[in-house]
Amino acid sequence: MVITARGLNRATLARQLLLDRVPLGVEEAVRRVVALQAQQPGSPYVALWNRLAGFEPEELDGAVAGYEVVRSTLMRLTLHLVHAEDWRAFREGMEPTLRGSRLHDPRFKAAGFTAADADELLPDLLAYAGEARTGAQLRARLEAARGGPVEAVVWRMMRQYAPLWHAPTGPPWSFGAAQAFVTASTPPVLADPEAAHAGLTTLIRRYLEGFGPASVPDMAQFTMAPRGKVRAAVAALDGELERLEGPDGTVLYDVPGAPRPDEGVSAPPRLMAMWDSVLLAYADRSRVIPPAYRKHVIRVNGDTLPTLLVDGYVAGVWRPVVGGIEASAFHPLSAGAWDGLAVEAGALGGFLAARDPRVYARYDHWWAKGLPGVETRILPAA
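Residues numbered from 1 in each chain as written. Predicted model: local features only at pLDDT ≥ 70, side-chain atom pairs only at ≥ 80, totals over all residues. Heavy atoms only, no water.

### Some thoughts on the overall build of the protein chain
Counting secondary structure elements, the protein chain contains 15 helices and 13 strands. Relative to a compact globule of 382 residues, whose C-alpha radius of gyration would be 21 Å, the protein chain shows 21 Å and is just as compact. A principal-axis box enclosing the C-alpha atoms of the protein chain has dimensions of 65 × 50 × 35 Å. Sorting the 382 residues of the protein chain into buried and exposed places 56% on the buried side. Long-range contacts, defined here as pairs at least 24 residues apart, represent 68% of the contacts in the protein chain between residues at least 6 apart. Charge separation in the protein chain, taken as the distance between the mean sites of 40 positive and 42 negative side-chain charges, equals 6 Å. (Helix = DSSP H or I, 4+ residues; strand = E, 2+ residues; numbered from the N terminus. Rg over C-alpha atoms; globule rule 2.2 N^0.38 Å. Buried < 20%, exposed > 50% of the residue type's maximum accessible area, 1.4 Å probe, protein only. Contact = heavy atoms within 4.5 Å. Lys, Arg positive; Asp, Glu negative; His and termini not counted. Charge placed at Lys NZ, Arg CZ, Asp CG, Glu CD.)

Following this line, the structure appears as structure tokens:
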């Protein structure tokens, strides 16, 4: 079967709950979309607001507080919110990547630490974090066990590698500038190749459920796992996956029965969160981001700006400002598109007003440096 570029776009939007806002609870929604990037505390809330009918932020507050949905360093070595029942397999699948990048980082070694040191120190640290502890408390515990000061870079590598969940510290969102951690209630098996392979296989299948059809390079981009390990995971799913041909002849894989809407289905406008996963989940990001716009959306340091989605594709960027939402289009938009964006902006402005009206204000410097918008409008908040 051959699938077109537009067909791939519509498949992603359907699986990511972006063709219609759906009446789901937070926990089930997070499972459906697989993972929400969460390094910016407000972004998972904006992401779910885009996807769920009648979403109330208190629902996510409660799921985080009860550890039904957990925040942890996972795919692409960055923070994600995932369903607690997915976390262990995802963490085991990411183990070789996390261990190699964190415990074998040259800065870790330069500070006098080895992977063996980390393995020795980890059990006491995890036992101490059996109840939520602040980052300062855990670093102090590490220093006490080490018998001397621990450099900031060592603490950062250790907390990103350790099987820890972030404990909520908000407001205005579940997580604030201060960090706290608790040991995961479902401990993964660490440094075990068989557990890592099984975990990555589960993660790849879940990825395809939420983002497929996709190629091996796409899967490797989402996880940051080596392509060889991704291919081995795909091979382990032999008989469970369908094989398709992409628009340029690329081999794609998918789970049978997953949504693949007709490419003619309409896609409503959306104001996507910073670092929304649909912008980052593929090696070929033209599925959602026109190539000419990629460098404007994904900045040189990795910051991924909040975007306007029009007809399923990135058409510009937005940011909250006094009085509403500033929307900058990269190409001329129809009156109907602007009307749809205005409705979305009015609702989003009202949603943000109760918590953090200027949720992305710290990233205004990207606008100060200039963006190639052909038209900018202030869309009033409700």
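More follows now that the structure is in view.
### Things to note about helix H2 (residues 26–33)
For H2, the set of buried residues is Val 26, Ala 29, Val 30 and Val 33. Each buried residue of H2 lies within a common arc of 100° when the element is viewed along its axis, so the set occupies one face. Val 34 sits one or two residues past H2 and shows a positive phi near 80°. (Arc of directions from axis to C-beta.)

### Structural notes on the nonpolar core
Note that soluble globular proteins tend to have their nonpolar side chains buried in a common cluster. Counting residues in each nonpolar core, the largest one holds 67 residues, and the members touching the most others are Phe 55 and Leu 348. Phe 113, Val 150, Trp 155 and Phe 211 belong to the second largest nonpolar core, which has 61 residues in total. (Core = buried A, V, L, I, M, F, W, Y, C linked by side-chain atoms within 4.5 Å.)

### Re the packing of aromatic side chains
Summed over the entire model, instances satisfying the criterion amount to 15 aromatic pairs. With a centroid separation of 6.2 Å and 35° between ring planes, the pair formed by Trp 49 and Phe 351 is classed as tilted. Of this pair, Trp 49 sits in helix H3 (residues 43–51) while Phe 351 sits in helix H14 (residues 335–353), placing them 302 residues apart in sequence. Relative accessible area serves as the criterion here: at 9%, Trp 49 is assigned to the buried category. For Phe 351, a relative accessible area of 11% gives the class buried. Seen in terms of ring centroids, Phe 211 and Tyr 282 are 6.2 Å apart; in terms of plane orientation they differ by 75°. Their pairing is edge-to-face. With Phe 211 in helix H10 (residues 193–211) and Tyr 282 in the loop between strand S9 (270–271) and helix H13 (294–297), this residue pair connects regions lying 71 residues apart in the sequence. (Phe/Tyr/Trp six-rings, centres within 6.5 Å; stacked < 30°, edge-to-face > 60°.)

### Comments concerning the pattern of salt bridges
Tallied over the full model, the rule gives 29 salt bridges. Residue Arg 10 is joined to Asp 311 by a salt bridge in which the shortest nitrogen-to-oxygen separation is 2.6 Å. Here Arg 10 is found in helix H1 (residues 5–15), whereas its partner Asp 311 is found in the loop between strand S10 (307–310) and strand S11 (313–321), with 301 residues between them in sequence. Its relative accessible area of 0% is what places Arg 10 among the buried residues. Between Arg 205 and Glu 209 there is a salt bridge, and its shortest N-O distance comes to 3.5 Å. Note that Arg 205 and Glu 209 are positioned in helix H10 at a spacing of 4 residues, about one turn of the helix. (Salt bridge = Lys/Arg side-chain N within 4 Å of Asp/Glu carboxyl O.)

### Re the sheet that holds strand S4 (residues 133–134)
Judged by pairing direction, the sheet is antiparallel, and its 3 strands sit side by side in the order S4-S6-S5 without closing on themselves. Of all strands in the sheet, those with a lone pairing partner are S4 and strand S5 (164–167), marking the two edges. Judged from the 4 bridges that link them, S5 and strand S6 (residues 180–183) form a sheet pairing that is antiparallel. Each residue of the ladder has a partner; that of Leu 164, found in S6, is Thr 183. (Pairing = 2+ DSSP bridges.)

### Examining the sheet that holds S11
Reading across from one edge, S9-S10-S11-S12-S13 is the order of the 5 strands in this open sheet, with antiparallel pairing throughout. Each having just a single partner strand, S9 and strand S13 (375–380) make up the two edges of the open sheet. As judged from the 6 bridges shared by strand S12 (residues 324–329) and S13, these two strands associate in the antiparallel manner. From the neighbouring strand, Ala 329 faces S13, where its bridge partner is Glu 375.

### Topic: the pairing of strand S7 (residues 242–245)
Across 4 bridges, S7 lies against strand S8 (residues 251–254) in antiparallel orientation. The partner of Arg 243 across the bridge, within S8, is Tyr 253. What sits between the antiparallel neighbours S7 and S8 is a turn of 5 residues, in which Gly 249 has the positive phi angle 85°.

### Digging into the environment of Met 94
One can find Met 94 in helix H5 (residues 84–103). On the basis of relative accessible area, Met 94 is assigned to the buried category, the value being 0%. Sequence spacing of Met 94 and Tyr 360 is 266 residues, and the spatial spacing of their C-alpha atoms is 29 Å. Discounting chain neighbours no more than four positions away, the residues touching Met 94 are Leu 74, Met 75, Arg 76, Leu 203 and Thr 223.

### Considering the environment of Arg 156
Its place among the elements puts Arg 156 in helix H9 (residues 152–161). Separated by 67 residues in sequence, Arg 156 and Ala 89 have C-alpha atoms that sit 23 Å apart. In contact with Arg 156, other than residues within four places in its own chain, are Arg 102 and Arg 107.

### With respect to the packing of H5 against H10
Contact geometry of H5 with H10 gives a least axis separation of 7 Å together with a crossing angle of 120°. In terms of orientation, H5 lies oblique with respect to H10. The handedness of the crossing between H5 and H10 is left-handed. Along its contact with H5, which presents Asp 86, Ala 89, Phe 90, Glu 92, Gly 93, Met 94 and Pro 96, the element H10 presents Ala 195, Ala 196, Gly 199, Leu 200, Thr 202, Leu 203 and Arg 206. Its residues assigned to classes, the contact of H5 with H10 comprises 8 nonpolar, 3 polar and 3 charged. (Axes fitted to C-alpha atoms, helices over the stretch in contact; angles between N-to-C directions. Parallel < 35°, antiparallel > 145°, perpendicular 65-115°, else oblique. Left-handed = near helix turned anticlockwise from the far one by under 90°. Nonpolar A, V, L, I, M, F, W, Y, C, P; charged D, E, K, R; others polar.)

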